[in-house]
Amino acid sequence: MNAIILLGPPGAGKGTLAEALVEDGYGHISTGDMLREAIRQKTPVGLLAQGYMDRGELVPDDVIIDIIEGLIFDSVAGKKFMFDGFPRTLVQAEKLTELFSKTGSCLDRVVLLDCPDEIIFSRLTGRRVCKSCGAVYHVEHKSPTEEGVCDVDACELYQRDDDSEETVRNRLFVYASQTKPLVDYYDAKGLVSHIDAAQGIGDILNQVLQTLG
Ligand code: AP5
């Protein structure tokens, strides 16, 4: 496979950008979405992950690596993918490098979404998600036509448990201590493109598409 990584703090807009890049032919691999689906289905992985996610902590590396390993070995050769929310630790990044080398896959670019904390707080505490289809809204920047109702399938919108102010604070701390070191890891490989994620999504997408060539 050929892949890019969307890296950045919670709420920087990785999922929103990924949604736009799907139109450009990228397959979307989001470990957060996979874990939320596992929780919904009450699978053993979901039951294990729930507590970590509710506290804004990372799910253990071995659980995440198991999920990703299967996906990489099963991926369609020649298709391009984007990783959203993976890797999140140096252990995960090193494992990805190893798996890519084993499968002849190529990491083309790491798109780093830079965003100040005050914008992140407003984006996350104002985020609303459709209970059924997962469409993402924002109470100010992307409000649905009818308050609390999804435009796509008319189902109820909800606020993620981990989008409370206290948990967002912990997620930012976890990002700074465990995920930010990946910037240096990928910088040393010459792969990082910095994107100003405080802009509107249209400007971000244009900048990213230019970067990806
Ligand atoms: P995950 O679901 O991956 O959460 P995250 O990385 O914290 O990112 P978010 O989904 O919260 O934000 P985002 O950057 O996608 O922003 P979005 O586009 O939605 O992970 C959740 C949890 O799962 C983790 O805490 C951890 O416990 C676990 N986990 C997942 N992967 C793991 C791994 N690899 N290892 C270990 N544990 C793992 O945008 C946010 C809001 O802002 C939306 O309302 C949107 O409409 C709005 N918005 C977006 N962009 C803009 C813009 N440019 N202008 C205005 N508004 C915008």
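Before going into details, it helps to say that this report is about the structure given with it. (Residues numbered from 1 in each chain as written. Predicted model: local features only at pLDDT ≥ 70, side-chain atom pairs only at ≥ 80, totals over all residues. Heavy atoms only, no water.)

### Some points on the overall build of the chain
- A tally of helices and strands in the chain yields nine helices and eight strands.
- Against the globule reference of 17 Å for 213 residues, the chain gives a C-alpha radius of gyration of 17 Å, in line with a compact fold.
- Burial status across the chain gives 43% buried among its 213 residues.
- Long-range pairs, those at least 24 residues apart, make up 71% of the contacts in the chain between residues at least 6 apart in sequence.
- Computed over 21 positive and 34 negative side-chain charges, the inter-centroid distance for the chain is 2 Å. (Helix = DSSP H or I, 4+ residues; strand = E, 2+ residues; numbered from the N terminus. Rg over C-alpha atoms; globule rule 2.2 N^0.38 Å. Buried < 20%, exposed > 50% of the residue type's maximum accessible area, 1.4 Å probe, protein only. Contact = heavy atoms within 4.5 Å. Lys, Arg positive; Asp, Glu negative; His and termini not counted. Charge placed at Lys NZ, Arg CZ, Asp CG, Glu CD.)

### Re the site of the ligand
- Of all residues adjacent to the ligand, which total 35 residues, the nearest are T16, E57, R88, R127 and R171.
- A distance of 3.3 Å separates an oxygen atom of the ligand from a polar backbone atom of A12.
- Protein burial of the ligand: of its 1,000 Å² of free accessible surface, 95% is covered by the chains.
- For the shell around the ligand, the secondary structure elements donating two or more residues are α1 (14-22), α2 (31-40), α6 (117-125), β6 (136-138) and α9 (201-212).
- Per-class residue counts for the shell around the ligand are 14 nonpolar, 12 polar and nine charged. (Near = heavy atom within 4 Å. Polar contact = N/O pair within 3.5 Å; in protein donor to acceptor, adjacent residues only side chain to side chain. Areas by Shrake-Rupley, 256 points an atom, 1.4 Å probe, with all protein chains shown as cover. Nonpolar A, V, L, I, M, F, W, Y, C, P; charged D, E, K, R; others polar.)

### Describing α9
- The end-to-end C-alpha separation of α9 is 16 Å, in line with the 16 Å expected for 12 residues at 1.5 Å each.
- Remark: G213 follows α9 within two positions and exhibits a positive phi of approximately 70 degrees. (Expected span 1.5 Å × (residues − 1).)

### What about the sheet that holds strand β7 (residues 157-158)?
- The sheet built from three strands is open, its strands ordered β6-β5-β7 with antiparallel pairing. Each end of this open sheet is capped by a strand with a single partner; those strands are β6 and β7.
- Strand direction decides the pairing type here: strand β5 (residues 127-130) and β6, joined by three bridges, are antiparallel. Bridge pairing in β6 links R128 to Y137.
- Across the sheet, α6 touches β5 and β6, and the angle it forms with β5 is around 35 degrees. (Pairing = 2+ DSSP bridges. Axes fitted to C-alpha atoms, helices over the stretch in contact; angles between N-to-C directions.)

### A few points about the side chain of S105
- The residue S105 is located in the loop between α5 (90-103) and β4 (106-114) in this model.
- S105 gets classed as buried once you look at its relative accessible area, which sits at 14%.
- Within the structure, the side chain of S105 is placed 3.2 Å from the backbone nitrogen of M1, a separation counted as a polar contact.
- At 2.8 Å, the side chain of S105 and the side chain of T103 are in polar contact.

### Considerations on the packing of α2 against helix α3 (residues 44-55)
- Relative to each other, α2 and α3 sit at 115 degrees, their axes nearing to 8 Å. The hand of the α2/α3 crossing is left-handed. Of α3, the residues touching α2 (which contributes G32, L35, R36, A38 and I39) are V45, G46, A49, Q50 and M53. (Left-handed = near helix turned anticlockwise from the far one by under 90°.)

### Quick word on the pattern of salt bridges
- What the rule picks out here adds up to 13 salt bridges.
- With its nearest N and O atoms 2.9 Å apart, the salt bridge here joins R127 to D163. Taken as a pair, R127 in strand β5 and D163 in the loop between β7 and α7 (165-179) lie far apart in primary sequence, 36 residues in all.
- Measuring nitrogen to oxygen at the nearest pair gives 3.8 Å for the salt bridge that ties D162 to R171.
- Its relative accessible area of 11% is what places R171 among the buried residues.
- Salt bridges sharing common partners tie together R127, R160, D162, D163 and R171. (Salt bridge = Lys/Arg side-chain N within 4 Å of Asp/Glu carboxyl O.)

### Here's the deal with the sheet that holds β4
- Strand order in the open sheet formed by five strands is β2-β3-β1-β4-β8, and the pairing between neighbours is parallel. Lying at the two open borders of the sheet, with one neighbouring strand each, are β2 (27-30) and β8 (192-196). Each adjacent strand pair in this sheet contributes to an overall mean axis angle of 25 degrees, direction not counted.
- Sheet topology places β2 next to strand β3 (residues 80-84); four bridges connect them, and they run parallel. Each residue of the ladder has a partner; that of G27, found in β3, is F81.
- In the packing of α2 onto the sheet, the strands contacted are β2 and β3, and the crossing angle to β2 comes to about 65 degrees.

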